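Structure at a glance
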Amino acid sequence: MTKVLLLNPPSKKVACRDYYCGHIAKGDYSWPPYDLLVLSGLFPKENLEVLDCIVEKKDRESVFKYLSSKKIDFIIGLFSSVTYSEDEAFYSQLSKEVDAKIYLSGDFPKAHYKKLCTSLPIKGVVLDFVENNLKEVFLDNKYTELVNIYHPEESHLLSLKNSQNFTYGIPKHELFPLNKYKLAQGIFRPLTVIGTDFSCPYSCTFCFFEKISYKKRDLQEFQEELKVINNLGIKEIMLMDASFGVNKNRALKICEMIKVYCPKISWICEMRVSDVNVELIKAMKEAGCHTIMLGIETQNQKSLDSIEKHITTEQTKNALIVCKNFSIRTLGHFILGLPGDKIQDMKETIEFSLNSSLSFASYNIATPMVNTTMRDEAEANQGLKTDIYNMNLSDGKPLWTHTVSADELYALKKQAYRRFYLRPSYIIRQLLSIRSFNQLQILVREGIYVVLKNIQVVK
Ligand code: SF4
């Protein structure tokens, strides 16, 4: 029987490589890698094996030893620009250790598939993990047409498709070690991830989704997946939609489905502040949503406009009030060092976060990710070398900055974390909000991590 291994390779850090948005975790959190979970929906269970080396904390040697004794025909592995060097070395060695055809998925493979297939001994790249014909190619050896699969030996068969609606079957959640995953803002376990669409209809110039067309999943299939999740006893989900609520009526329908088919589930999602409104937030709350992550980015309207964010600072304030009124926790994503922002603008953005009702804040340094306009401009006009791919800015000093020095930005970011998370009033508020033992464990662990990281004990 044909065996397919879905692989999240090892890394020395807690790497999140899925959904074309590679980053190094700021704490000790992880979720089932979305690309791999979706791909598990394509194949029968008996053909599949899953190995997530990040959550299983496996190192390279143990993986090679384990796989060398197995019969594996195909490997679909994650690869990210944030772990570029590690991943390159790993797959290079893996191709010598196992007799399997290797295909890759991730931000870098999607953006530079031809280059990757030339530099690494792999068979191909999965260009779209929600829409492809991998099952026919792997299980039926049907190479007549390769839908969204780049295969250099058969590159003339590549057909790039982008349907408005898609299905991929019901992912095999049970093959993933669901009890081991944990979210920094999670309340219950076991947890998993699920999606209702792909990419985002907006085109913010720093975001990998800028150049990926938006499409929707068949909601009947989503409903079937909810039933499976409920039967598996999963208690928490992270909705992977890049911007839940872009279509209000569809979002209301999704909330109704969650309420009916997973009546006890609690969940978390990403939203645009411009999509927050009373009717939708009320429906989300009733369906079990406890935390919404909002892309606030900066409080400088000119910068927001220059990155094509299409939100206003007033919409941000309104979104926070609405969520607070429904007792939904909010996480604000902020970006320090956007090309239009001066130090004073960043300080004002940080002050805004401290004086807001946000439950969590995530301060990031502007990163010219592969396949974005920000990257194109950084390479063309701002001196970024075209061969620097390892833009690992999540946990260290930036490798590239525009108008403000790397040292200044790094210091500002650390200071922001310290000031936000070490406020006594904040700590008391968090302790009073605990709803489960799992949440207490996460709070203590993530709290320790933030403290250590920001007094520079953890490197
Ligand atoms: S709205 Fe969010 S997900 Fe959509 S392009 Fe902008 S940053 Fe990316």
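What you are looking at is a predicted structure, and each value in this text was computed from that prediction instead of being measured. (Residues numbered from 1 in each chain as written. Predicted model: local features only at pLDDT ≥ 70, side-chain atom pairs only at ≥ 80, totals over all residues.)

**Some remarks on the overall build of the protein chain**
Note the threshold: To qualify as a helix, a DSSP run of H or I must reach at least 4 residues; to qualify as a strand, a run of E must reach at least 2; elements of each kind are numbered from the N terminus. The globule rule used here is 2.2 Å times the number of residues to the 0.38 power, and the radius of gyration it is set against is calculated over C-alpha atoms. Field definition: a residue is buried when 20 or more other C-beta atoms are found within 10 Å of its C-beta, exposed when 12 or fewer are, and partly exposed for counts in between, with C-beta atoms placed from the backbone. Whether two residues are in contact depends on their C-beta atoms, placed from the backbone: they are in contact if these lie within 7 Å.
Of regular secondary structure, the protein chain possesses 16 helices and 19 strands. In summary, the protein chain has a C-alpha radius of gyration of 21 Å against a globular reference of 23 Å for 459 residues, a match within 12%. In terms of overall dimensions, the protein chain has C-alpha extents of about 60 × 55 × 40 Å along its principal axes. For the protein chain, with 459 residues in total, the buried portion stands at 45%. Considering only contacts within the protein chain whose residues lie at least 6 apart along the sequence, 75% involve residues at least 24 apart.

**Description of the packing of helix α8 (residues 248-261) against helix α9 (residues 278-286)**
For clarity, the threshold we go by: Think of each axis as a best-fit line through the C-alpha atoms, taken over the contacting stretch in the case of a helix, with angles from 0 to 180 degrees between the N-to-C directions. Angle categories: roughly parallel below 35 degrees, roughly antiparallel above 145, roughly perpendicular from 65 to 115, and oblique for all the rest. For any pair of crossing helices, the crossing counts as left-handed if the nearer helix is rotated counterclockwise from the farther one by less than a right angle, and right-handed if it is rotated clockwise.
Orientation of α8 relative to α9, taken along the N-to-C sense of each, is 15°, at an axis distance of 9 Å. As the angle between them shows, α8 and α9 are arranged roughly parallel. Handedness of the α8/α9 crossing: left-handed. Facing α8, whose interface residues are Lys248, Ala251, Leu252, Cys255 and Lys259, α9 presents Leu280, Ala283, Met284 and Glu286.

**Section: the nonpolar core**
What counts is decided by this rule: The nonpolar core is taken to be a set of buried Ala, Val, Leu, Ile, Met, Phe, Trp, Tyr and Cys residues joined by way of C-beta atoms within 7 Å. The split of the chain into domains comes from an automatic or database domain assignment.
Counting 125 residues, the largest nonpolar core has Ile76, Ile237, Met238, Trp267 and Leu336 as its most contacted members. A domain split of this core shows at least three residues from each of domain 1 (4-166) and domain 2 (183-454).

**Re the domain arrangement of the protein chain**
What counts here: Polarity classes work like this: nonpolar for Ala, Val, Leu, Ile, Met, Phe, Trp, Tyr, Cys and Pro, charged for Asp, Glu, Lys and Arg, and polar for all others, with Gly in that last group.
Annotation of the protein chain at the domain level lists domain 1 (4-166) and domain 2 (183-454). A separation of 26 Å is found between the C-alpha centroids of domain 1 and domain 2. Opposite the 28 residues of domain 1 that make contact, domain 2 presents 28 residues. Mapped by element, the contributors of at least two residues to the side of domain 1 that touches domain 2 are β3 (23-24), α1 (34-40), α3 (84-97), α4 (107-111) and β11 (165-166). Broken down by element, the side of domain 1 that touches domain 2 gets its largest block of residues, three residues, from α4. Classifying every residue of the side of domain 1 that touches domain 2 by side-chain character gives 15 nonpolar, nine polar and four charged.

**Notes on the site of the ligand**
Note the following rule: Should the C-beta atom of a residue, placed from the backbone, lie within 6 Å of a molecule or strand, that residue is near it.
Lining the immediate surroundings of the ligand are Cys200, Tyr202, Ser203, Cys204, Cys207, Phe209, Glu210, Ala242, Ser243, Arg272 and Gly295. Partitioning the shell around the ligand into residue classes produces six nonpolar, three polar and two charged.

**As for helix α14 (residues 406-421)**
The following threshold applies: Residue count minus one, scaled by 1.5 Å, sets the expected span of a helix.
In this model α14 runs 23 Å from its N-terminal to its C-terminal C-alpha over 16 residues, within 8% of the 22 Å that 1.5 Å per residue would give. The secondary structure elements touched by the buried residues of α14 are β18 (329-336), α12 (343-354) and β19 (360-365).

**Section: the packing of α12 against α14**
Running from N to C, α12 and α14 cross one another at 15°; their axes reach a closest spacing of 10 Å. In terms of axis orientation, α12 runs roughly parallel to α14. The handedness of the crossing between α12 and α14 comes out as right-handed. Taking contact as the criterion, the partners of Ile343, Met346, Ile350, Ser353 and Leu354 in α12 are, on α14, Glu408, Leu412, Ala416, Arg419 and Phe420. In the contact of α12 with α14, the residues fall into seven nonpolar, one polar and two charged.

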